[in-house]
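What follows is each chain in one-letter form.
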Amino acid sequence: MKIDGKHFRSIWREPSGEVRIIDQRWLPHELRIVPLNTRKDFADAIRDMWVRGAPLIGATAAYGVAVQMAADPSDTSLDETYEVLHETRPTAINLKWALDEMNKVLKPLAPQLRAEAAFARAAEICDEDVETNRQIGLHGLEIIREIAAKKGGGRVNVLTHCNAGWPATVDWGTATSPVYHAVEDGIDIHVFVDETRPRNQGAQLTSWELISHGVSHDLIVDNAGGHLMQHGEIDLVIVGTDRTTARGDVCNKIGTYLKALAAKANGVPFYVALPSPTIDWTVVDGVKEIPIEERTGEEVTHVQGRDPEGKIISVQISPDGTPARNPAFDVTPAELVTGLITERGVSPATAEGLAAMFPEFAVQ
Ligand SMILES: CSC[C@@H](O)[C@@H](O)C(=O)COP(=O)(O)O
């Protein structure tokens, strides 16, 4: 998508061979592009959220393997790299998926052939992500078109949580892709953006990308969604996911579950946009089985923003020494999900629905 009219992906390889990312810690206030040169750079970038969002975490890990293969293509190095990158963040399954994809290609190869093959597969993973998200957008567009038609062409209001936009993927985004396609289709569409405490991905990233693309939106506090639904101001919810189970339980940014409950209580359709690498076919009960990342309490006791001089600063908002819990994700049970918007179409959030859509992956 575009920044100041120029097309960007969230990760790319320069003609010189260097892998670069947008360091998302400074958005929306500063656009900092940084190279990732070593395995440690890649691990730090994922763990400390220079990059974030399930699909982008996977793509970054793939390039991390490639860069390490250029430095040391031995079996030991390949195995260690899997471990080092895998332990950076526990919840998004795309990380493991991408590392497994890399291993599938690299393990059978002689070490001297690994670097080139690794860069080629990492580039493919990125291209596949872009196309997958484009397809998700087209399937999501059908849902939005139907709602627009029911409203006689009136404004379609979408609520979204966290950032499941293009900075969370290689391009297009998952939850935002249907929105961008709707805009292109000429549909009058408006997005309510949950700020998404504690890291404020909605306030800092979703608002930023929607402004950049001229998409009508309002930033709202996390607790406003239920009120807006009660008053008929939301037509549908679309969120992303970090891991979806074989029966359609959806793990996503903390707070998603509360939005799903409010949507159910108010008869608002609740959709989840997901590329198939986000499905963990080995897991059924999301609440019991998905590891939920616990991040530092400092993300809760402090907020980051720009001061009047334009400097990016962190401000403490609670008393000194306040203990804080910071679970980063929650699980929305499948029965609260209206549908899963995948690259192959919209599936019901059921084991049967997902297995019918992806028969080659479903565990029998
Ligand atoms: C397309 S992204 C879906 C999710 O990855 C997104 O909504 C989300 O929860 C991101 O969490 P983050 O902690 O910023 O990596």
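The structure presented is a predicted model; accordingly, all values stated were derived computationally and were not measured. (Residues numbered from 1 in each chain as written. Predicted model: local features only at pLDDT ≥ 70, side-chain atom pairs only at ≥ 80, totals over all residues. Heavy atoms only, no water.)

### Focus: the UniProt feature "active site" (unreviewed entry) in the protein chain
What counts is decided by this rule: UniProt positions are given in the numbering used here, feature names are shortened, and annotations may be inferred rather than shown by experiment. Put simply, DSSP H or I for four residues or longer makes a helix, DSSP E for two residues or longer makes a strand, and each gets a number counted from the N terminus. Classification of residues uses two cut-offs on accessible area relative to the type maximum, computed with a 1.4 Å probe and protein chains only: under 20% is buried, over 50% is exposed, and between them is partly exposed. Note on contacts: a residue pair is in contact if any heavy atoms of the two residues lie within 4.5 Å.
Here, the residues flagged by UniProt with the feature "active site" (unreviewed entry) are Asp242. Position of aspartate 242 relative to the elements: it lies in the loop between β9 (236-239) and β10 (243-245). For aspartate 242, a relative accessible area of 8% puts it in the buried group. Apart from residues lying up to four places away in sequence, aspartate 242 is in contact with Ala54, Thr91, Ala92, Ile93, Asn94, Cys251, Asn252, Lys253, Thr278 and Phe329.

### Points about the UniProt feature "binding site: substrate" (unreviewed entry) in the protein chain
Using the following cut-off: Whenever two N or O atoms come within 3.5 Å, that pair is a polar contact, provided that in protein one can donate a hydrogen and the other can accept it, and provided that, for residues adjacent in sequence, both atoms are side-chain atoms.
Under the UniProt annotation, "binding site: substrate" (unreviewed entry) lies at Arg52, Gly53, Ala54, Arg89, Gln201, Asn252 and Lys253. Tracing the backbone shows alanine 54 in helix α2 (residues 54-71). Alanine 54 has contacts with Ala92, Asn94, Ala168, Thr241 and Asp242, leaving out every residue within four places of it along the chain. With residues up to four places along the chain from it excluded, the contact list for asparagine 252 reads His161, Val239, Gly240, Thr241, Asp242, Ala328, Phe329 and Asp330. Here threonine 241 takes part through its backbone nitrogen, which lies 3.5 Å from a polar atom of the side chain of asparagine 252.

### Digging into unusual backbone geometry
Apart from glycine, the bulk of residues carry a negative phi angle, and the bulk of peptide bonds sit in the trans form. Geometrically, the link from leucine 27 to proline 28 is a cis peptide bond, its omega value of 5° lying close to zero. For proline 28, the position within the fold is in the loop between β4 (19-22) and β5 (33-36). For the peptide bond that leads from arginine 197 to proline 198, omega is 5°, which places it in the cis range. Non-glycine residue aspartate 4 carries a positive phi angle of around 50°. As for its placement among the helices and strands, aspartate 4 is situated in the loop between β1 (2-3) and β2 (6-7). Of note in the backbone geometry, methionine 49 takes a positive phi value of approximately 65° without being a glycine. Relative to the elements of secondary structure, methionine 49 occurs in the loop between α1 (39-47) and α2. Residue methionine 49 is classed as buried on the basis of its relative accessible area, which comes to 3%.

### A few points about the site of the ligand
The line we're drawing: Nearness is judged by heavy atoms alone; a residue qualifies as near a molecule or strand once a single heavy atom is within 4 Å of it. Residue-level accessible areas treat just the shown protein chains as cover; the underlying method is Shrake-Rupley with a 1.4 Å probe. Charged residues are taken to be Asp, Glu, Lys and Arg, nonpolar residues to be Ala, Val, Leu, Ile, Met, Phe, Trp, Tyr, Cys and Pro, and polar residues to be all remaining types, Gly included.
In the vicinity of the ligand, 19 residues are found, and the nearest of them are Arg52, Arg89, Gln201, Asp242 and Lys253. At 2.8 Å from an oxygen atom of the ligand is found a side-chain nitrogen or oxygen belonging to aspartate 242. At a separation of 2.9 Å, an oxygen atom of the ligand approaches a polar side-chain atom of asparagine 252. For the ligand, whose unbound accessible area comes to 420 Å², protein coverage reaches 100%. Elements that contribute at least two residues to the shell around the ligand include exactly α2 and β11 (250-253). Split by residue class, the shell around the ligand holds 7 nonpolar, 8 polar and 4 charged.

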